[in-house]
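Notes for the structure review
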Amino acid sequence: MSLTIETLEYIAKYYRKKLSKCTVRDVFRDCLMIRKSEYFVLNADEVKALTEKLRQCENRVSSAFQVETHEFLKEQSREQKANADEAKLRQLLSANDSLQYGKASCVPGTRVSILTTLETWALVAQPARLFWLYGAAGCGKSAVAASIAQELEKKGLLAGAFFCKRDDDERRSPQRLVAHLAFYLARANATFREELLTSVNHPNFSVVKDLNSYFDFVLGKPLLKMSDIASDASVIFVVDALDECINSGDVARILVQVIAQASWVKLIVTSRDEMPIRVELENLRPRTSYNLFEDETEGDLRLYFRHRLEHAERENRELKRGDLNYLLKHEDAFATVSGGLFIWMYTALTLIIWSVKRDKLVGNLLSHSAIDRVVDRMASLYLTVLDNAC
């Protein structure tokens, strides 16, 4: 029986696609001697041996192919399930990405003390796993929350964040806040993720309406069922402006329950010092509380004053270098009259930057120094805004 060189090369090429080069050499090493002549002759025994080896190769290739196909289908099935699970969990989130971020952070060089305190608390394992940052409206809580969230994200410690907003239906919704917390905890902890998927796939989940039942499905039951993990593997979630959330006291109670059930979770919560929130958070011991309004802020307000005006001078054609130098002479006076309120400074500077009667406006604003109460000071500022608009 004769085999041409071309036939043998075709066979080798066919099997080389399915086997490594080493295996092909093993198959043909003792059987094939490629010669320069166009034909060479194999006797019957050699043909039989070659045929058997080729059959064995085919069997090995077939078996390997079946195994690889099985593994491929398993991997494809895992990917499909993972994609389906991710899609299911993402239904917990709002389509508005700004629910997680969106607040302006602190001007560089300001709020150094509180940011250092928060970062130390976050990095060091300690019994108190809830940090409540509270204070008067406008004292800079949201900027601090945004700054510490960004810093913790850089360090890989941030699970997620939710910035409440009173005039936004999505951002004042207790269910949305709880859902976001559940989603980001699931990303941080694989065990919790599996328990959460089991819970949200339950037929009754789609008809849950009230906050307590919703909490049970997405946080309460999953946390109760999962095995706890070491507290040194903590992840942190930031909740800003809790007082702007509907039923803020009920949400505060839920946050306390989360801390009680999950030793691997830390929470940073900012809000005004309102009674429904305080009553619930005081049930948690230990905790860390910090009154931001009591911080010494005149130095930070001076930095903010200068930063905002210099930025405006670069970006706003209406504010000239001469105007900037004039306003900077009043830096200390504005830092004092703001009374520790960054919202007062922000509003006053916005008004000044776009005003055409700056001298008179500056005089009116600095006259607020005689007003002591925060509410009265803000009311006087807003009246100035309205007068300037007329």
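Below is a short write-up of the structure. Since the structure is predicted, the reported quantities are computational estimates derived from the model, not experimental observations.

1. With respect to the sheet that holds strand β5 (residues 235-240)
Spatial ordering of the open sheet is given by β4-β5-β6-β3-β7, a layout of five strands whose pairing is parallel. What marks the edges here is a single partner per strand, and that holds for β4 (158-163) and β7 (288-291). Averaged over neighbouring strand pairs, the angle between their axes works out to 10° when direction is ignored. This element, helix α6 (residues 174-188), spans β4, β5 and β6 (265-271) of the sheet and lies at about 170° to β4.

2. Observations concerning the nonpolar core
In this structure, Val218, Leu219 and Leu242 are the most contacted members of the largest nonpolar core, which totals 53 residues. Of the residues forming this core, the biggest block, nine residues, is contributed by α6. Among all residues touching Leu219, those that are not within four sequence positions of it are Val178, Leu181, Ala182, Leu185, Phe192 and Val258.

3. Let's talk about the pairing of strand β3 (residues 130-134)
Of all five residues in β3, five are buried; the element is thus mostly enclosed. Alternating residues of β3 divide into Leu130, Trp132 and Tyr134 and Phe131 and Leu133, and every residue in both groups is buried. Bridging between β3 and β7 involves four bridges; their strand directions are parallel. Among the inter-strand pairings, Tyr134 is bridged to a residue of β7, identified as Asn291.

About the criteria used
Residues numbered from 1 in each chain as written. Predicted model: local features only at pLDDT ≥ 70, side-chain atom pairs only at ≥ 80, totals over all residues. Heavy atoms only, no water. Pairing = 2+ DSSP bridges. Helix = DSSP H or I, 4+ residues; strand = E, 2+ residues; numbered from the N terminus. Axes fitted to C-alpha atoms, helices over the stretch in contact; angles between N-to-C directions. Contact = heavy atoms within 4.5 Å. Core = buried A, V, L, I, M, F, W, Y, C linked by side-chain atoms within 4.5 Å. Buried < 20%, exposed > 50% of the residue type's maximum accessible area, 1.4 Å probe, protein only.

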